[in-house]
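# Observations on chain architecture
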Amino acid sequence: MSAALLRRGLELVAASEAPGVGPGQAKPSGAPSKRSRKTKATQAQKLRNSAKGKVPKSALAEYQKQECQDHLKANLKFMTSMKSTMDEAMTRQILRQNRGRKACDRPVSKTKKKKKAEGTVFTEEDFQKFQQEYFGS
């Protein structure tokens, strides 16, 4: 299984477990999001001062992003600890997403019947006649 497929399956399971929050939706935080004009202005100034509006990235964040991590144990623990069984519709949806255009995913075509070995249309007499005409003996 690819990592993307596994991640998508986990998102589907998590979405069915917690119907209040969908995938990709952020939970609202307790802190108010209002900013004063001065802080907005200073942030806008910082964006203008950077190269083409790009914010400089942290070297540590880049390193952690590129560092490969193995999530197999955590994923297996999550999957085995689930107490509810999967719905049939959810299972079909995951399998439908896994189906692709690869040759191994295509249905097996019926095998063609082998033709029987055809016998010769010439008889032994025809061969004798041909031999006399061709070789002249």
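This write-up is about the structure you can find in this document.

Rules and cut-offs
Throughout, residues of each chain are indexed from 1 in the direction in which the sequence is written. Under the rules for a predicted model, residues below a pLDDT of 70 receive no local features and side-chain atom pairs below 80 are neither given nor counted, while totals for whole chains, interfaces and linings still include all residues. To get the side-chain values, all heavy atoms of the structure are used, and hydrogens and water are removed first. To qualify as a helix, a DSSP run of H or I must reach at least 4 residues; to qualify as a strand, a run of E must reach at least 2; elements of each kind are numbered from the N terminus. When accessible area is computed with a 1.4 Å probe and restricted to protein chains, residues below 20% of their type maximum are described as buried, those above 50% as exposed, and intermediate ones as partly exposed. Only the protein chains shown count as cover for residues, and the accessible areas themselves come from Shrake-Rupley with a 1.4 Å probe. One less than the residue count of a helix, multiplied by 1.5 Å, gives the span that helix is expected to have. The salt bridge definition used is simple: a Lys or Arg side-chain nitrogen within 4 Å of an Asp or Glu carboxyl oxygen.

So, about the overall build of the protein. Helices and strands together make up the secondary structure of the protein, namely six helices and zero strands. Each helix (α) and strand (β) of the protein, taken in turn from the N terminus, gives the series α-α-α-α-α-α. For the protein, with 137 residues in total, the buried portion stands at 6%. Only carbon and sulfur atoms are counted for the fraction: they give 56% of the accessible area of the protein, which is about 13900 Å².

A few words now on helix 6 (residues 124-135). For helix 6, which comprises 12 residues, the first-to-last C-alpha distance of 16 Å matches the rise-based estimate of 16 Å (1.5 Å per residue) to within 8%. Counting buried positions along helix 6 gives zero out of 12 residues, so the element sits mostly on the surface. At the C-terminal side of helix 6, Gly136 shows a positive phi close to 70°.

All right, on to the pattern of salt bridges then. Applying the stated criterion across every chain yields a total of one salt bridge. Residues Glu11 and Arg8 are paired through a salt bridge, measuring 3.7 Å at the closest nitrogen-oxygen approach. Highlighted residues: Glu11 and Arg8, both in helix 1 (residues 3-17), separated by three residues, approximately one helical turn. Judged by relative accessible area, which is 34%, Glu11 ranks as partly exposed.

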